[in-house]
Amino acid sequence: MSTVPPASSPFRAVPEKIVRANGVDLATQAFGDPAAPPILLVSGAEASMDWWDDDFAARLAAAGRHVIRYDTRDTGRSTTFPVGAPTYTQDDLLADALGVLDGYGLASAHIVGVSMGGGLAQCLAVRHPGRVLTLTLISTSPGGPENPDLPPMSEDLAKTFAEPAPGPDWADRDAVIGYFLAAERVFAGTIPVDEERVRRTAGRAFDRSPVPAAASNHWMIEGGEPVRSRLGEITAPTLVLHGTADPLFPYGHAEALAREIPGATLIPLPGMGHQMPPYEVWDTVIPAIGAHTGRGPRG
């Protein structure tokens, strides 16, 4: 099991800050010097900001960045909606990301998105290019596994989706932690799952969420207008980080992103699945994001 050395104390997070945007409250947290180049971390479905590991964010901050993470609506301490009946769309999640930038007084930022957050990041770069300094896409896709020109999800994962296990008792902390741990195993690659870290993160997310079940609303929201046909319009320097063992978006999805976004750089992460970067690849991921976010927009 991996052990993560503690990050230097000057780069730990400050207390949470609530940003009011688009009629909702969004819980946010920042690391590092507010005068440093800003990075906005955008989470995947069902994931509060807790899944951007404290040490991961602190190490980015130690590289001279102001790192901001936030709870998407229906996760953590952000506004929740009735379970099973969300009244918002993907476009609202997009507006929330912009609202967080506004809440920190930022005209633009380096955007780092994972999974669903990577899809939102693509939309930001297409629809709001002036707000995106650089773009980093992790464990995401230009279109999803249902696109016939992209590799399908693994057979094992397809079977899991076809025969889903019952959801947890969302009021039972241990059951919810077990639910997220089981999901991590399903989506993992060949790098062993750090069960202790997953349990700790899932428990923290549960403890911070007044309505833990609301996170499941993310699977029910309607998507916005697809932007794949417009990826060629992206002007922000783009970095694609992708696991070579991703069972949901096999590596061909990353290769498609790199082809379709002008000038994109693709870095494979050996053995990583469809997940937040595990500690085993941090020595590749963190320096890559640090170097990438040292760039400015293309002229």
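With that out of the way, let us pick up the overall build of the protein chain. For the protein chain, the count of helices and strands is 8 helices and 8 strands. The C-alpha radius of gyration computed for the protein chain amounts to 18 Å, which stays within 12% of the reference 19 Å derived for 299 residues, consistent with globular compactness. Counting only C-alpha atoms, the protein chain reaches 50 × 45 × 40 Å along its principal axes. Across the 299 residues in the protein chain, those meeting the buried criterion constitute 56%. By sequence separation, contacts in the protein chain at least 24 residues apart represent 77% of the contacts at least 6 residues apart. Summed over all atoms, the accessible surface of the protein chain reaches about 12,300 Å², with 55% contributed by carbon and sulfur. In the protein chain, the 23 positive side-chain charges and the 35 negative ones have mean positions that sit 6 Å from each other.

Below, the discussion takes up unusual backbone geometry. In this structure, N22 is a non-glycine residue whose phi angle is positive, near 55°. Among the residues examined, N22 registers a relative accessible area of 45% and is labelled partly exposed.

Across the 6 residues of strand β5 (residues 109-114), 6 count as buried, placing the element largely inside the fold. With 4 bridges joining them, strand β3 (residues 38-42) and β5 adopt parallel strand pairing. Bridge pairing in β5 places V42 opposite G113. Pairing geometry for β5 and strand β6 (residues 132-138), over 5 bridges, is parallel. By the bridge assignment, V114 is partnered in β6 with I138. As for the winding sense of the linkage, the β-α-β connection from β5 through helix α3 (residues 116-127) to β6 is right-handed.

Let us now look at the side chain of H218. Looking at the element boundaries, H218 is found in the loop between α6 (195-208) and β7 (238-243). Of note is the side chain of H218, whose polar atom sits 2.9 Å from the backbone nitrogen of E46.

Moving on, we come to empty space enclosed by the protein. Here the structure, examined in full by the defined rule, presents 1 cavity of 30 Å³ or more. Empty space within the largest cavity amounts to approximately 120 Å³. Lining of the largest cavity is provided by 16 residues; of these, F180, A205, S209, P212 and A215 occupy positions nearest its centre. Broken down by secondary-structure element, the contributors of at least two residues to the lining of the largest cavity are α5 (173-187) and α6. Per element, the largest residue contribution to the lining of the largest cavity is 3 residues, and it comes from α6. The residue makeup of the lining of the largest cavity, split by class, is 10 nonpolar, 4 polar and 2 charged.

Throughout the structure, instances matching the rule amount to 9 aromatic pairs. For the pair F56 and W282, a centre-to-centre distance of 5.5 Å together with 65° between the ring planes defines the contact as edge-to-face. With F56 in helix α1 (residues 54-62) and W282 in helix α8 (residues 282-292), this pair connects stretches of sequence that are 226 residues apart. For F56, a relative accessible area of 3% gives the class buried. An angle of 75° between the planes, with centres 6.4 Å apart, marks the rings of W170 and F180 as edge-to-face. In this pair, W170 is assigned in the loop between α4 (155-162) and α5 and F180 in helix α5, connecting sequence segments 10 residues apart. No difference in accessibility class separates W170 from F180, as the two residues are buried.

Once that is clear, we can look at the packing of α1 against α8. For any two helices packed against each other, the geometry comes down to the angle between their axes and how far apart the axes lie. As a packed pair, α1 and α8 sit with axes 9 Å apart at the nearest point and diverge in direction by 40°. As judged from the angle between their axes, α1 and α8 are oblique. By crossing handedness, the relation of α1 to α8 is classed as right-handed. Contact residues: α1 offers D55, F56, R59 and L60, while α8 offers W282, D283, V285, I286 and I289. Among the residues forming the contact of α1 with α8, the class breakdown is 6 nonpolar, no polar and 3 charged.

Right, let's talk about the packing of helix α2 (residues 90-103) against α3 for a bit. For the pair α2 and α3, interaxial distance at closest approach is 10 Å and the crossing angle is 75°. With respect to their mutual orientation, α2 and α3 come out roughly perpendicular. Note on element contacts: α3 touches α2 through M116, L120, C123, L124 and R127, opposite Q90, D91, L93, L94, A97 and L98. Residues belonging to the contact of α2 with α3 are distributed by class as follows: 8 nonpolar, 1 polar and 2 charged.

Let's shift gears to α5. In a regular helix each residue adds 1.5 Å, so 15 residues correspond to 21 Å; α5 covers 21 Å between its end C-alpha atoms and thus fits that length. Of all the residues in α5, the buried ones are V176, I177, F180, L181, E184 and F187. The buried residues of α5 occupy one face: seen down the axis, they fall within an arc of 135°. For α5, the elements touching its buried residues are α4 and α6. Between the side-chain oxygen at the start of α5 and the backbone nitrogen of D174 there is a gap of 3.0 Å, and the oxygen is on D172.

What counts, and where the lines are drawn
- Residues numbered from 1 in each chain as written.
- Predicted model: local features only at pLDDT ≥ 70, side-chain atom pairs only at ≥ 80, totals over all residues.
- Heavy atoms only, no water.
- Helix = DSSP H or I, 4+ residues; strand = E, 2+ residues; numbered from the N terminus.
- Rg over C-alpha atoms; globule rule 2.2 N^0.38 Å.
- Buried < 20%, exposed > 50% of the residue type's maximum accessible area, 1.4 Å probe, protein only.
- Contact = heavy atoms within 4.5 Å.
- Areas by Shrake-Rupley, 256 points an atom, 1.4 Å probe, with all protein chains shown as cover.
- Lys, Arg positive; Asp, Glu negative; His and termini not counted.
- Charge placed at Lys NZ, Arg CZ, Asp CG, Glu CD.
- Pairing = 2+ DSSP bridges.
- Right-handed = clockwise from strand over helix to strand, strands pointing away.
- Polar contact = N/O pair within 3.5 Å; in protein donor to acceptor, adjacent residues only side chain to side chain.
- 1 Å grid on protein atoms, 1.4 Å probe; cavity = no way out; pocket = protein on both sides within 12 Å on 5 of 7 lines; lining within 4 Å.
- Points joined across faces, edges and corners; volume = space filled by probe spheres on them.
- Nonpolar A, V, L, I, M, F, W, Y, C, P; charged D, E, K, R; others polar.
- Phe/Tyr/Trp six-rings, centres within 6.5 Å; stacked < 30°, edge-to-face > 60°.
- Axes fitted to C-alpha atoms, helices over the stretch in contact; angles between N-to-C directions.
- Parallel < 35°, antiparallel > 145°, perpendicular 65-115°, else oblique.
- Left-handed = near helix turned anticlockwise from the far one by under 90°.
- Expected span 1.5 Å × (residues − 1).
- Arc of directions from axis to C-beta.

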